Amino acid sequence: MEILPDELENESVDFFEHLRIAVDKNQEPLRIDKFLLIFRQNSSRNKISQACRAGNIRVNGVVVKQNYRVKPKDEISVLFARPPRESVIIPQDISLDIVYEDEDLVVVDKKAGMVVHPGFGNWDKTLVNALAFHFEKNGLKTDLDRVGLVHRIDKDTSGLLVVAKNEYALSFLAKQFFEKKTKRVYWAFVWGNLPEEEGTILGNIGRHPKNRMQMTVFPDGNQGKHAVTHYKVLERFRYMTWVECRLETGRTHQIRAHFKHIGHTLFNDERYEGNVIMRGVNKPKYKQFVQNIFEMLPRHALHAHSLGFIHPSSRKEMYFQSPMPYDMSSVLEKWRRYTENK
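Residues numbered from 1 in each chain as written. Predicted model: local features only at pLDDT ≥ 70, side-chain atom pairs only at ≥ 80, totals over all residues. Heavy atoms only, no water.

### With respect to the overall build of the protein
Inference 1: The helix and strand inventory of the protein stands at 7 helices and 18 strands.
Inference 2: Every one of the 342 residues in the protein was classed for burial, and the buried ones make up 53%.
Inference 3: The long-range fraction of contacts in the protein, counting pairs at least 24 apart against all pairs at least 6 apart in sequence, stands at 67%.
Inference 4: Approximately 16900 Å² of the protein is accessible, and the part contributed by carbon and sulfur atoms is 48%. (Helix = DSSP H or I, 4+ residues; strand = E, 2+ residues; numbered from the N terminus. Buried < 20%, exposed > 50% of the residue type's maximum accessible area, 1.4 Å probe, protein only. Contact = heavy atoms within 4.5 Å. Areas by Shrake-Rupley, 256 points an atom, 1.4 Å probe, with all protein chains shown as cover.)

Below you can see the structure in the form of structure tokens.
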């Protein structure tokens, strides 16, 4: 038996696991759920069942039910949603802006500054800790050690994300993210005046070879993972531009790395050197103006504005929008006044 190389690009290596299995020519007929239990001994029967219900198990390119009998030389493709790795989630009473919730999922409008999931340097006070408290307070038995995050956004990025409340919802939503069928729009302020009204940024993204805290673009395609960002200019301010970004892929720091690559780093993005004045540096009054704006917006200017997906149970399309947060909207008005007076 052979595990085939995965030709599909994973949107988030942390949250999805894609298996491709070439069945041995001597394999005896066996139900696929039993076959996978033997093949993946760390997978539960329920996890396999939920993946099958969500349409995440295919044989020779066709979705199958869990009673399908595996045959010699079958090619099996399985998409598992991978839960958070931490074993203990401590419920913490932290305010959340929940914009929608039902028995399958919850949509949260995250504030800038909140880490999504516990990890190195941020073991508590995260979105997941807050959700654990919310579920516990409302008598819900959702186990965030086993289900939960479908995607995430950076600590200093504000806006929308969806969290699954059961394994079936997790599998169903994970498939949409994996197959790039979700609809996500971000708002960003970037340095400079973009030359076109609309455009597409292409370029593989991977870890920076010298600065491991950054992601970078490898335009030759020999390293990193395929990444595509579509953008449209919403408003221009001579030295800064407000853009709408639509993600075709979902790589780590994709918008931040792509715009730095084309010379229009996100405004006040410290990690990518966007926290220095990059335009109009020879004008003292302008420099003071920008320093004041940095204080008003002490983070990178990125907001997850909208999110769309198909609901796991109703199969209806869900669409949510988050208004621009106060820090970004205040800066926007200040730039408008500055530009009008020049």
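Moving on, there is more to tell.
### A closer look at the pattern of salt bridges
Inference 1: Across all of its chains, the model carries 12 salt bridges by this definition.
Inference 2: Residues Asp154 and Arg256 are paired through a salt bridge, measuring 3.0 Å at the closest nitrogen-oxygen approach. Of the two residues, Asp154 sits in the loop between helix 3 (127-137) and strand 10 (158-164) while Arg256 sits in helix 5 (residues 254-261), which places them 102 residues apart along the sequence.
Inference 3: Arg256 gets classed as buried once you look at its relative accessible area, which sits at 6%. (Salt bridge = Lys/Arg side-chain N within 4 Å of Asp/Glu carboxyl O.)

### Things to note about the packing of aromatic side chains
Inference 1: Enumeration according to the criterion identifies 17 aromatic pairs in this entry.
Inference 2: On the numbers, 6.4 Å between centres and 80° between planes, the contact of Phe267 with Trp335 is edge-to-face. Taken together, the residues Phe267 in the loop between helix 5 and helix 6 (284-296) and Trp335 in helix 7 (residues 326-340) connect sequence positions 68 residues apart. Residues Phe267 and Trp335 agree in their burial class; the two are buried.
Inference 3: Taken together, the aromatic side chains of Trp191, Phe237, Tyr239, Phe267, Tyr286, Phe289, Phe294, Trp335 and Tyr338 make up a single cluster linked through ring pairs.
Inference 4: Across the ring face of Tyr168, the terminal group of Arg53 is positioned such that the distance to the ring centre comes to 4.0 Å. (Phe/Tyr/Trp six-rings, centres within 6.5 Å; stacked < 30°, edge-to-face > 60°. Lys NZ or Arg CZ within 6 Å of the ring centre and 35° of its normal.)

### Re the pairing of strand 15 (residues 228-236)
Inference 1: Taken together, the 5 bridges between strand 12 (residues 198-202) and strand 15 define a ladder with antiparallel strand orientation. Residue pairing for strand 15: Glu198 is matched across the bridge by Lys232.
Inference 2: What sits between the antiparallel neighbours strand 15 and strand 16 (residues 240-247) is a turn of 3 residues, in which Arg238 has the positive phi angle 65°. (Pairing = 2+ DSSP bridges.)

### Topic: the packing of helix 6 against helix 7
Inference 1: At a minimum axis distance of 9 Å, the contact between helix 6 and helix 7 shows a crossing angle of 165°. The orientation of helix 6 relative to helix 7 falls into the category roughly antiparallel. The handedness of the crossing between helix 6 and helix 7 comes out as right-handed. Together, Tyr286, Phe289, Ile293 and Met296 of helix 6 and Asp327, Ser330, Val331, Lys334, Trp335 and Tyr338 of helix 7 make up the contact between the two elements.
Inference 2: Residue classes in the contact of helix 6 with helix 7 are distributed as 7 nonpolar, 1 polar and 2 charged. (Axes fitted to C-alpha atoms, helices over the stretch in contact; angles between N-to-C directions. Parallel < 35°, antiparallel > 145°, perpendicular 65-115°, else oblique. Left-handed = near helix turned anticlockwise from the far one by under 90°. Nonpolar A, V, L, I, M, F, W, Y, C, P; charged D, E, K, R; others polar.)

### Here's the deal with the nonpolar core
Inference 1: Membership of the largest hydrophobic core comes to 29 residues, with the highest contact counts inside it found for Tyr186, Val243, Ile255 and Phe259.
Inference 2: When residues of this core are traced back to their parent elements, those giving at least two are strand 9 (105-110), helix 3, strand 10, strand 11 (183-191), strand 15, strand 16, helix 5 and strand 17 (302-310).
Inference 3: The leading source of residues in this core is helix 3, at 5 residues.
Inference 4: For Val243, the contacting residues outside a window of four places in its chain are Tyr186, Trp187, Ala188, Val190, Leu194, Lys232, Val233, Leu234 and Phe259. (Core = buried A, V, L, I, M, F, W, Y, C linked by side-chain atoms within 4.5 Å.)

### Side note on helix 5
Helical geometry note: an α-helix holds 3.6 residues per turn, so side chains three or four residues apart project in the same direction.
Inference 1: In terms of burial, helix 5 is a largely internal element, 6 of the 8 residues being buried.
Inference 2: Where helix 5 is concerned, the buried positions are Gln254, Ile255, Arg256, Ala257, His258 and Phe259.
Inference 3: Phi for Gly263, located one or two positions after helix 5, is positive at around 85°.

### Concerning empty space enclosed by the protein
Inference 1: Counted by the stated rule, this structure contains 1 cavity of 30 Å³ or more.
Inference 2: What the largest cavity holds in volume is close to 30 Å³.
Inference 3: Around the largest cavity, the lining residues are His151, Leu160, Arg184, Tyr186, Ala304, Ser306 and Leu307.
Inference 4: Those elements that place two or more of their residues in the lining of the largest cavity are strand 11 and strand 17.
Inference 5: Counting residues per element, the lining of the largest cavity draws most heavily on strand 17, at 3 residues.
Inference 6: Tallied by class, residues from the lining of the largest cavity come to 4 nonpolar, 2 polar and 1 charged. (1 Å grid on protein atoms, 1.4 Å probe; cavity = no way out; pocket = protein on both sides within 12 Å on 5 of 7 lines; lining within 4 Å. Points joined across faces, edges and corners; volume = space filled by probe spheres on them.)

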